[in-house]
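A look at the structure
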Amino acid sequence: MKHKIKTLIQKAALKAHEQGELRSSTIPPFSVEESKSDIHGDFASNFAMTAAAAQKMAPRKIAETVIKYLDADRAFIAKTEIAGPGFINFFIRPAAWHLILNAIHTAGTQYGASDIGSGQKIQVEFVSANPTGPLHVGHGRGAAVGDSVANILSFSGYQVEKEYYINDSGRQINTLGKSVFLRYLASLGKKTDFPDDCYKGDYIKDLAAEIGLREADQLASVDEQEAIALCARLAAAKIIAGIRQDLNSFGITFDNWFSEQSLYDSGKVDAVLQNLRKQELIYPKDGALWFKTTAFGDEKDRVVVRKNGLTTYFASDIAYHLNKFERGFDRLIDVWGADHHGYCARLTACVEASGHKRDQFSVILVKLVNLLRKGKPVAMSTRAGEFVTLQEVIDEVGRDAARFLFLTRSYDSPLDFDLDLAKRQTNDNPVYYVQYVHARITSITRKADKQGLKTTDLNHQAVSRLTSGEEIRIIKLLARFPETVQHSAETMAPHRITFYLMELAAAFHSYYNKHRVLADDTELACGRLYLIAAVKIVIRNGLALLGVSAPEKM
RNA sequence: GCGCCUGUAGCUCAGUUGGAUAGAGCAACGGACUUCUAAUCCGUAGGCCGCAGGUUCGAAUCCUGCCAGGCGUACCA
């Protein structure tokens, strides 16, 4: 509808110029926005103001001229007005709004979808928690954001693949093996020191017991280093299986699980380093090898191979991201915790060094989750074994509530997750407010079915009865859904969907309390049923993008 | 010190990429269930959009400088 009005204005301006009433034929960038207040109509354009400089005319005068030549379809636009400094306000006829409902019913589950991605292959990598312990609440936020972003992009015409990167190589995995092995020895009654840098959680003891039970012979027959390596391998596999299960119960599945170790095994890391060395982007200094990331805007160069000959995490990360491009992705999105933001510049550098464009790689930095208990912060540390797992939260708060809660603010903003609040006040959670709309509508249509009333057949006569302010307001909101999704895709911001749904839910609940859907007047009832069925479609589509269910009953 | 992010109602946060009178949810107060699900609704109250300049028809939004907070600033991941 906005687009339609925009074209009307452009045509009018050109026509006015032909008739000599406007000096210039240039059309400056201008906008058509929804009016905030009904007094200003349904849409407003700032064309006259932005054109003032080029036309050397007063904005209100330009507005007058444009309106004079506006070839407005009278079935569409009821009237136009000039207001304030030169806004052109458009008042849309209800009949024009009614057409939206038909479009929603026709599109169904696809209402809100678009092809702005035009089939581009895009990869979203998220969670990627180290396999050294179960997922905790903090990971939950990244999981909710990543999955939702993937949903939204896919709905917007991108070809999306979701990937989990497993850091199954390097020091922390060795530490894991050591922790498990030491707990195993302790369980045999051998006295051992348990160093501070080892993982102290109870889950380590469980792993040790399990691995000990199954691999006792093997562990006894090899030396300590091999035993640790064996423990590491088995424990990591076990933990990954657990993580996969936790994510499943959070409603999240990945298209691909990518192993860091596989990059070493296939020689990809070495190959990439050699390649960069040929390009003279890697140089030796102080006994280590450095990547010249400063050539691409990083503040200092970064080590890829340490003095002791071991590669850094960054080295395998370079190989990993280049490998992503080799797999044919046009764009890469990484979802990271905000505490990793120091990493952005160097990874962007390696993307550019490999001949790709800077904007083909973006990082979503999700701010920290502050876990609170009775309003007081809870310290969390995987190493110390002090954390509340994601699974615990899902069990106590519920999957839908948890996912919705994680998406109730921009990821740029830190999130307080009060356990007691989330557990105790489940009824106050906004997710129920939105889901309740879906359940209510289902309940009404169920009753209508019994009365033999049709809810999904288009009846122009009935729909034309939808003239109340509340009804038009709801239709306007429904009309805004597709652009909300697109905007959310462009900015990779799922919380826009969340806020949109809360607004739509508010409009519906308010309407419900004021007007009776199953009115005595059968024709009116049919019109209203057609309307609320459209609301149901949009609520369902929106919740689906967030990974939240739309219940038939509550 | 430098870099990134954040400062909006008592609290937690939105704010349609620069638009008209800045919005929600909690919390507070007062109302609405013989009627489609009260997990709901209606009303009242609450503001120097951190501060100071600048850009222009117009700024919470863009620029500069301060102030406050968070995170980062490894041959850790």
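Quick notes on the rules
- Residues numbered from 1 in each chain as written.
- Chains lettered and ligands numbered in written order.
- Predicted model: local features only at pLDDT ≥ 70, side-chain atom pairs only at ≥ 80, totals over all residues.
- Heavy atoms only, no water.
- Buried < 20%, exposed > 50% of the residue type's maximum accessible area, 1.4 Å probe, protein only.
- Helix = DSSP H or I, 4+ residues; strand = E, 2+ residues; numbered from the N terminus.
- Pairing = 2+ DSSP bridges.
- Right-handed = clockwise from strand over helix to strand, strands pointing away.
- Domains from an automatic or database assignment.
- Expected span 1.5 Å × (residues − 1).
- Contact = heavy atoms within 4.5 Å.
- Axes fitted to C-alpha atoms, helices over the stretch in contact; angles between N-to-C directions.
- Core = buried A, V, L, I, M, F, W, Y, C linked by side-chain atoms within 4.5 Å.
- Near = heavy atom within 4 Å.
- Polar contact = N/O pair within 3.5 Å; in protein donor to acceptor, adjacent residues only side chain to side chain.
- Nonpolar A, V, L, I, M, F, W, Y, C, P; charged D, E, K, R; others polar.
- Parallel < 35°, antiparallel > 145°, perpendicular 65-115°, else oblique.
- Salt bridge = Lys/Arg side-chain N within 4 Å of Asp/Glu carboxyl O.
- Phe/Tyr/Trp six-rings, centres within 6.5 Å; stacked < 30°, edge-to-face > 60°.
- Lys NZ or Arg CZ within 6 Å of the ring centre and 35° of its normal.

The buried count for strand β5 (residues 121-125) comes to four of five residues, which makes it a mostly enclosed element. Here β5 pairs with strand β6 (residues 159-166) via five bridges, running parallel. Looking at β6, one finds that K121 is bridged to Q159. Handedness of the crossover joining β5 and β6 through helix α5 (residues 137-155) is recorded here as right-handed.

When its domains are assigned, chain A resolves into domain 1 (2-92), domain 2 (171-243) and domain 3 (428-546). Computed over C-alpha atoms, the centres of domain 1 and domain 2 are 72 Å apart.

Structural remark: α-helix, 3.6 residues per turn; residues separated by three or four positions point the same way. Relative to the 28 Å expected for 20 residues at 1.5 Å per residue, helix α19 (residues 495-514) spans 29 Å between its end C-alpha atoms, a close match to the ideal helical length. Considered for burial, the residues of α19 that qualify are H495, I497, T498, Y500, L501, M502, L504, A505, A507, F508, H509 and Y511. Where the residues of α19 are buried, they touch α5, α14 (399-406), α16 (430-450), α18 (469-490) and α20 (522-546).

Let us now look at the sheet that holds strand β10 (residues 302-305). An order of β8-β9-β10 is seen for the three strands of this open sheet, with the pairing classed as antiparallel. Single-partner strands in this sheet number two, and they are β8 (282-285) and β10. Strand-to-strand twist across the sheet, computed as the mean angle between neighbouring axes with direction ignored, equals 45 degrees. Taken together, the three bridges between strand β9 (residues 288-291) and β10 define a ladder with antiparallel strand orientation. Within β10, the residue paired with W290 across the bridge is V303. Packing against the sheet, helix α10 (residues 268-278) makes contact with β8, β9 and β10, and its axis sits at approximately 90 degrees to β8.

Another aspect to go through is the nonpolar core. Counting residues in each nonpolar core, the largest one holds 148 residues, and the members touching the most others are Y164, L247, F417 and L478. In this structure F417 touches V137, V369, N370, L371, L372, V393, L405, F406 and A422, once residues within four positions along its chain are discounted.

Glancing now at the side chain of H321. If you trace the backbone, H321 turns up in helix α11 (residues 313-326). With residues near it in sequence (within four places) discarded, H321 still touches E125, L332, D334, L347 and F361.

In spatial order, the strands read β1-β2-β4-β3; together these four strands make up an open sheet with antiparallel pairing. The sheet is open, and its two edges are formed by β1 (32-34) and β3 (77-83), each paired on a single side. Taking each pair of neighbouring strands and ignoring which way they run, the sheet shows an average axis angle of 25 degrees. Across the sheet, helix α1 (residues 2-18) lies against β1, β2 (43-45), β3 and β4 (87-92), angled at about 140 degrees from β1, the strand it touches most.

Okay, the protein's contact with RNA strand B next. In the vicinity of RNA strand B, 59 residues are found, and the nearest of them are K36, K367, Y433, Y436 and S443. Taken together, the sugar and phosphate atoms account for 61% of what RNA strand B places within 4 Å of the protein. Side-chain polar atom of H40 to a base nitrogen of RNA strand B: 3.5 Å apart, as the coordinates give it. Between RNA strand B and N130, the relevant distance is 2.8 Å, taken from a sugar or linking oxygen to a side-chain nitrogen or oxygen of the residue. With eight residues, α16 is the single largest residue contributor to the surface near RNA strand B. Classifying every residue of the surface near RNA strand B gives 23 nonpolar, 19 polar and 17 charged.

Two measures define how a pair of helices packs: the angle their axes make with one another and the distance between the axes. Put simply, helix α2 (residues 47-55) and helix α3 (residues 59-69) touch, their axes get as near as 8 Å, and they point 110 degrees apart. Judged on the interaxial angle alone, α3 and α2 are roughly perpendicular. Contact with α2, carried on its side by F47, A48, M49, A51, A52 and Q55, involves P59, I62, A63 and V66 of α3 and no other residues of that element. Among the residues forming the contact of α2 with α3, the class breakdown is nine nonpolar, one polar and no charged.

Let us now look at the pattern of salt bridges. Per the counting criterion, the structure on display carries 21 salt bridges. Between E483 and K2 there is a salt bridge, and its shortest N-O distance comes to 2.7 Å. Of this pair, E483 sits in helix α18 while K2 sits in helix α1, placing them 481 residues apart in sequence. Given a relative accessible area of 33%, E483 falls into the partly exposed group. Measuring nitrogen to oxygen at the nearest pair gives 2.9 Å for the salt bridge that ties R528 to E471. Of this pair, R528 sits in helix α20 while E471 sits in helix α18, and the two are 57 residues apart along the sequence.

Take the packing of aromatic side chains next. By the definition in use, this model includes 19 aromatic pairs. Considering the side-chain rings of F250 and F406, the 6.4 Å spacing of their centres and the 85 degrees angle between planes classify their relative orientation as edge-to-face. With F250 in the loop between α8 (224-249) and β7 (256-259) and F406 in helix α14, this residue pair connects regions lying 156 residues apart in the sequence. The class of F406 is buried, set by a relative accessible area of 0%. Centre to centre, the rings of F406 and F417 are 5.4 Å apart; their planes meet at 35 degrees, and the pair counts as tilted. Taken together, the residues span a long stretch of sequence, with F406 in helix α14 and F417 in strand β15 (residues 415-418) at a distance of eleven residues. Over the aromatic face of F76 sits the side chain of K4, whose NZ or CZ is 4.2 Å from the ring centroid. Here R403 stacks its cationic end above the ring of F250, 5.5 Å away from the centre of that ring.

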